[in-house]
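# Observations on the model geometry
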Amino acid sequence: METIIYALYQIYTYMIIIYILMSWIPNVRESFIGDLLGKLVEPFLAPFRRFIPPIMGMIDISPIVALFVLRLAVVGLVSVIGYLTGSR
């Protein structure tokens, strides 16, 4: 079970990183893949963007905080599942 959770975590992390990198290339977010990634990633990133303003009006660090929180959530979830199943 832990392997599945970590695999899903890795996939979602890569999706977030690709989505962030796509913002540097003009008109890529308007493509089919950009739109699909936006629908999957933006609901997770939006709350962080509301509370963390861009630095100097340009540099958005909210995805870094979002990835950190996602990592903490995955480690917590794996710990809870390990405790409940008695494997840890």
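My aim in this report is to walk through the structure given alongside it, one point at a time. Not measured: the values here are computed from a predicted model. (Residues numbered from 1 in each chain as written. Predicted model: local features only at pLDDT ≥ 70, side-chain atom pairs only at ≥ 80, totals over all residues. Heavy atoms only, no water.)

## Some words on the packing of helix α1 (residues 2-22) against helix α3 (residues 62-85)
Here α1 crosses α3 at 175°, and the two axes come no closer than 10 Å. By the angle class used here, α1 and α3 are roughly antiparallel. Along the contact surface, α1 presents Glu-2, Ile-5, Tyr-6, Tyr-9, Tyr-12, Thr-13, Ile-16, Ile-17 and Ile-20, while α3 presents Pro-63, Leu-67, Leu-70, Arg-71, Val-74, Val-75, Leu-77, Val-78 and Ile-81. Looking at the contact of α1 with α3, its residues break down into 15 nonpolar, one polar and two charged. (Axes fitted to C-alpha atoms, helices over the stretch in contact; angles between N-to-C directions. Helix = DSSP H or I, 4+ residues; strand = E, 2+ residues; numbered from the N terminus. Parallel < 35°, antiparallel > 145°, perpendicular 65-115°, else oblique. Contact = heavy atoms within 4.5 Å. Nonpolar A, V, L, I, M, F, W, Y, C, P; charged D, E, K, R; others polar.)

## Things to note about the nonpolar core
Counting 16 residues, the largest nonpolar core has Tyr-12, Ile-16, Val-41 and Leu-45 as the members making the most contacts within it. Elements with a minimum of two residues in this core: α1, α2 (32-51) and α3. Take this core: its biggest share by element is seven residues, from α1. For Tyr-12, the residues in contact, after removing those within four places along its chain, are Leu-40, Val-41, Phe-44 and Leu-70. (Core = buried A, V, L, I, M, F, W, Y, C linked by side-chain atoms within 4.5 Å. Buried < 20%, exposed > 50% of the residue type's maximum accessible area, 1.4 Å probe, protein only.)

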